[in-house]
Structures are given as C-alpha cells and as structure tokens.
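Residue-level listing of the chains:
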Amino acid sequence: MDSSTFLLLAVAVLGMLWQAQGLGTVSGLYGETVVVPCNEGAPPPEGLMFIKWKYERDDGTSGDLLVKQAHKQEATVQAESDYAERVAIAANSSLLISGASLADRRVFTCMMVSTSNLLEYPVTVEIYKRPSAPEIIDKAKMLDRGKAAVIGTCVGKDAHPAAELTWTRNGKPLIADGKAVVISSSVKMEPATRLSTTFSTLQYTATKQDADAAFACSAAHPLGAQVSAPEMFPIHYPTENLSLQVLSMGPIVEGENVTLKCQADGNPPPVSFNFHLKGVQVPVVGSNTYTLAAITRDAAGEYKCSLADNASIEDAHAIEVNYLDLSLSPTGKVLKKIGDKLNVTMEKNTSGHAKVSWTKDGKAAKAPAFERLTYADAGVYVCEVATGTLKRSLNFQLVVEGVPEITSLTKQRADSHKVLTCEALGVPEPSFQWSVNGTEVESSYANAKATHRIRVEPAANLTVTCSVSNKLGEDARTITVSSLIKEKTQEKGVGDEGYDQSKLIVGVVVGLLVLAALVGIIYWIYMKKRYRRNKKQRNKSAMLTGKNSQRGIDELLVPEFLVILLTSFRRAVVAAGLFGKHKLPKCKEVSVPHLCDNRCSQLLLSNGKLVI
C-alpha cells in the first residue's frame, strides 16, 4: 500500500468518526419536497474540490446520489433508483428530495472534499403525514336507556405516525370503565404507502340524560388535532311522569279559549291520552292537547290527564277563571234640567279584589252624586273597574239644560262708539236679540255660558234691550245708553241717569221754595187783617173780664207763617218723591212747629198751641 492510498484511508476513517458524533435530523411532509442541509447550511471550507451526496440503503450499504464539482454549476446525478428523478442540489449545497414518502425515512450524508481535508455530515430524514379528518361510521340509529350498544366507529385515515383517537361527550373525554363505556382501538398500515389508519369503536350504555348529548371523536397527531362532526342519538325510554300544562299567556279570563297540554317524559313520547274535565273523561288520540272553548266561570276547578294505556300515570292542574261584571245606571246620553236630582248607580261582580275609578271628561273625578244639578255637572263620566289584567268600563253623557238667564248687561265707551256686552247662562245655547241695530263684535259659548257683544254709535239717549232665548224659555234685560253727542259736550264725565236726575231735583226744589214762600206771604197778610178786625172785640172782652189776654201779633203770626211755609214745602217734597222711602215724623202737638207726614191735612189752634 503506497502513501497516498494510506492517506485517503486515514481521512475516511477520521470522517467516519466525525459522522458518528455529528448526526442531525430533518423533518419533511409526505408528498412535499424535503430540504436536507449540508453542515447545517454553513459555508464550504477553503480549497473545496467537490461535494458528494449519498444515502444509506435498506440493507445498510451506501449508495451515491449526486456529485457537484466546485468549478461547475451543474451536478452529476449518480443514483440508479427512483432518486434519479427526485434529487437535486441547492446553491447552498443542500439536498432537495421531491415527492417525499415514507421510503425516504433514512440517513443522507453530505461529503465535502477539499485540498486539505475530507468532511462528512450525516442527516436523518423523518417524514410525517397528518391523518384525514376523523369521521364516525356505522352509527347507531337509536339507543335504549340502560342497554349497552355500539354508538359507532371513529376512523383516522392515512397518517404517519398513526393518529390517537379519543371519544368525547359534550366536549369532555369519555374514560373507558369496562361497563358503561367500552372503547376498542386498532391500527392498520397500508403496505404500499406505509401509512396508518386508526379505528376506535365506542360501546355505550345510555341514560335519559343522554337525550341531548353530543358525541364526537378527536384525532391527536404531531401535526395537530382534529375533531369529527358531533353526533346526537335518540334515547328511547318509557314514560314515567306526566305534566299537565295550561297554555296561557297570563291569568285565564272568562270567554277565552284555554288549551291543556299533557307533557310526557318518555321517548318517543306517547300520542294517546285521557283528559279528565271535572270528572268527565275525554280520550285524545294523535295529540297531547285539548282546548276548552270560551271558558266560563263555572268551568273553574281541577283538571287531569293520564296515559291511555296506563291510568296510574297522571297529573292534575287547578284552573282559576277571572271574571268581571259591571252595570251602570244611567248610561248613554242623559238629558236633565238644572236643579234636578240624578241618581247614579254602579254595581260590580268580580272574581277578586277590584279597583274602581271615575273620570269626567278624561280627568280623574270622584264618584258622581247629584242632589241638585248645575251646568258645571255636565260632561262625560266614565266608570272603570279593574281586577288583575281584566278591565271593564261604562259611561254616560250628562247634559244639563235650563232656561236662559241673563247674568250681566254692561256698556263700555270707546273712542267713537260704545260696546254693549250681554252674558247669559243656558242650555241649549241661547240665541241673542238686541232692540237696536249694531255691529257684532264677538260671540262665544262654552260651559253653558254665552257671551254676545255689539258695537253701537247712539246719536240720542237710548234704552237698549238684550233678549236671549232657547227651546226652554227666554229672558230679557234693559240698559240706558246715552248719546255720544251729549257726552262730548260735558266737561266732566257724568252718568246719564245721575245727570238727568240732578237737573230734575234742582228744578223741583227751586219751584217748591217759591210756591211755599208765596202761599205763606198771602196767608200771613190774610191773618194780619183778620187779627186787626178782631182786636177791638178782644180788648172789649178783656175790659169786661178784667184780664189781659193780648198777645203780640209776632207771637202768633210769625210761628203760623213759618208752619205754613214749612208745611207747604214738606207736602211738595213728598209729592215729588225726593225723600224716597224715608218717612217723616208723625203729626203731634208741638210748641215749635216742624215737618210732619202727609196724614196731617189741616192747621189747627188748640189751647193756645199749634197742632199740625
């Protein structure tokens, strides 16, 4: 053996030693291209001559794949197996294997030869394949409560490594206990592809609670987990309990239709029942409901339902019927006269406590009681009675009629006219009529009160009459309206009646004073002459009797003159009515004359005193 051969052999031995120490691992996906790096992708050494990739055969021998000279761009494929079409070298000296399969699970070696050294980098390639989505096959159509049955078989196909399957119920794993839960698993490998398929069969003993349970199968794999579609299985079990339900949105009201429903807990549910309606049995086939049409208060009580084939399984429910009767007198439109009495009677009959409320014209009011009707009592009265959700209401419209009555007749002066306002109460609405022509200013009617205004321009003093009437009667009132022309001539505003009356009183008083003075003077002259004629006779009589009976003429005539004057004035004043209803003193004897009432008709002298 020469020295060069010995050197190469030494290098090869050193390379084998290095390979055992630097073995790496690369993972690839089934059917994809696998990239196997050389020296983990590190730059090649200096003085590189060529790179060679080789692999380990199934029998343990080494086989060449390709060689790439350092000074060439293309590599030379040396493989004689199916690798000849599937291998290539990358720019960074990595080996590229396309269409990866489980047959590529072996050791590949990168050998770098330089002018000074020979290096090898062995890499183990591992191929993975994710299983197809798991599915449940051979599913059971139904399950009987308490009986063990095979629900189905979960399959995870074509995987490497083989998938691990787990059964779940409502998302939680099922643990095999050998009794209620029995799980059998197996794995089958396809020889051609070397891919594995996992099978898992679930045997399950169902309960009533499993009626709505969702069963699924999950597949665990290094490339990720997958879950099958959930499956639900009907659980068959006999009826043990019944529930009688009343299908109503709220309390039952008399007159409504009420539906009874007999709910069974068996599966499949029974379709034949017996409804017991207050002691009367009514069989129902093909349905679990029965409807009571237009229920009445007499139908309240206990109802039952039972299985048609097992009367011992039954349920009962008490039904309460709410009712409300309401009567009101009077109702509708009620016509009454003002001042009349009206009796209002309300009667109610309810199944429970009732609340009574009244409104008048939409506003809350007390229960009406009318001893003496007024116009203010008119309106629409509504009585509402409520118990629970049940309500009833009745109403009447009260109309209070009356003969119209004028309550006010006034006048008001404006710049160039006067406004007369006539107000009246009455129902039906009264019509207005004026004794003068005027322009209507305003007319209104509300709450039995009517108002009418006119505008007049009187050229002379007027007595104006306002008349109101309706079908029940009429009323009228007058007012004095002075002329606008006369009012304008006065410096100060004086009332029409006061002004005329003042002038009349002044004239009467002046005339009476003049008349009384004239009568008094004439009578005084007459009495003075008479006194002088009889003077001689009185003196003569005095001489015979020896008594001095002479009195001065002033002592007699002056009082007489004053009495005559004042009496004349009093009678004139009384006749003119200037003192109204005030009476003067009655006639009596007086030492000094004064005014008396008109019962004194003459003037007398008695015992030297003046009597009126």
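Residues numbered from 1 in each chain as written. Predicted model: local features only at pLDDT ≥ 70, side-chain atom pairs only at ≥ 80, totals over all residues. Heavy atoms only, no water.

## Considering the pairing of strand β32 (residues 355-360)
With six bridges joining them, β32 and strand β34 (residues 379-387) adopt antiparallel strand pairing. Residue pairing across strands places serine 357 opposite glutamate 384, the latter belonging to β34. Relative to strand β33 (residues 363-365), β32 runs antiparallel, the two sharing three bridges. Along β33, the bridge assignment pairs tryptophan 358 with alanine 365. Between β32 and β33, which pair antiparallel in sequence order, lie two residues; one of them, aspartate 361, sits at a positive phi of approximately 55°. (Pairing = 2+ DSSP bridges. Helix = DSSP H or I, 4+ residues; strand = E, 2+ residues; numbered from the N terminus.)

## Describing unusual backbone geometry
Following asparagine 267, the chain continues to proline 268 via a peptide bond in cis, the omega torsion being 0°. Note on placement: proline 268 falls in the loop between β22 (258-264) and β23 (272-277). Although it is not a glycine, aspartate 158 adopts a positive phi angle of roughly 50°. The topology assignment puts aspartate 158 in strand β12 (residues 148-159).

## Observations regarding the sheet that holds strand β9 (residues 118-128)
Across a sheet, strands are paired by hydrogen bonds formed along the backbone, either parallel or antiparallel in direction. Pairing is mixed across the open sheet formed by six strands, whose spatial order is β1-β9-β8-β3-β4-β5. The two strands at the open ends of the sheet, each matched to only one other strand, are β1 (24-29) and β5 (76-77).

## Remarks on the state of the cysteines
Here the structure, examined in full by the defined rule, presents four disulfides. The partner cysteine of cysteine 154 in its disulfide is cysteine 217, sulfur to sulfur 1.8 Å. The sign of the S-S torsion, about -85°, decides the handedness of the disulfide formed by cysteine 154 and cysteine 217: left-handed. With cysteine 154 in strand β12 and cysteine 217 in strand β17 (residues 215-220), this pair connects stretches of sequence that are 63 residues apart. (Disulfide = S-S within 2.5 Å.)

## Some thoughts on the side chain of threonine 421
Mapped onto the elements of the fold, threonine 421 is located in strand β36 (residues 418-427). Here arginine 453 takes part through its side chain, which lies 3.2 Å from a polar atom of the side chain of threonine 421. The residues contacting threonine 421, other than those within four sequence positions of it, are Ser408, Leu409, Thr410, Trp434, Thr451, His452 and Arg453. (Polar contact = N/O pair within 3.5 Å; in protein donor to acceptor, adjacent residues only side chain to side chain. Contact = heavy atoms within 4.5 Å.)

## As for the sheet that holds strand β15 (residues 181-189)
Ordered by their spatial adjacency, four strands build an open sheet running β10-β12-β16-β15, and the pairing between neighbours is antiparallel. Each edge of the open sheet carries a strand with a single partner, namely β10 (135-137) and β15. In this sheet, adjacent strand axes meet at a mean angle of 25° when their direction is disregarded. (Axes fitted to C-alpha atoms, helices over the stretch in contact; angles between N-to-C directions.)

## With respect to the side chain of serine 200
In this structure, serine 200 sits in strand β16 (residues 196-205). Serine 200 gets classed as buried once you look at its relative accessible area, which sits at 0%. Reaching out from serine 200, the side chain makes a polar contact with the side chain of tryptophan 167 at a distance of 3.1 Å. Setting aside anything within four residues of it in sequence, one finds serine 200 in contact with Gly152, Thr153, Cys154, Leu165, Trp167, Ile183, Ser184 and Ser185. (Buried < 20%, exposed > 50% of the residue type's maximum accessible area, 1.4 Å probe, protein only.)

## Considering the nonpolar core
Ranked by size, the top nonpolar core spans 25 residues in total, and within it Trp53, Leu65, Leu95 and Phe108 carry the most contacts. Listed by contribution, the elements that provide at least two residues to this core are β2 (34-36), β3 (48-56), β4 (62-69), β6 (87-89), β7 (95-97), β8 (107-114) and β9. Top contributing element to this core by residue count: β9, with four residues. The residues touching leucine 95, leaving out its near neighbours within four places in the chain, are Val34, Val35, Val36, Trp53, Leu65, Leu66, Val87, Ala88 and Phe108. Counting 21 residues, the second largest nonpolar core, distinct from the first, contains Leu324, Leu328, Val334 and Cys383. (Core = buried A, V, L, I, M, F, W, Y, C linked by side-chain atoms within 4.5 Å.)

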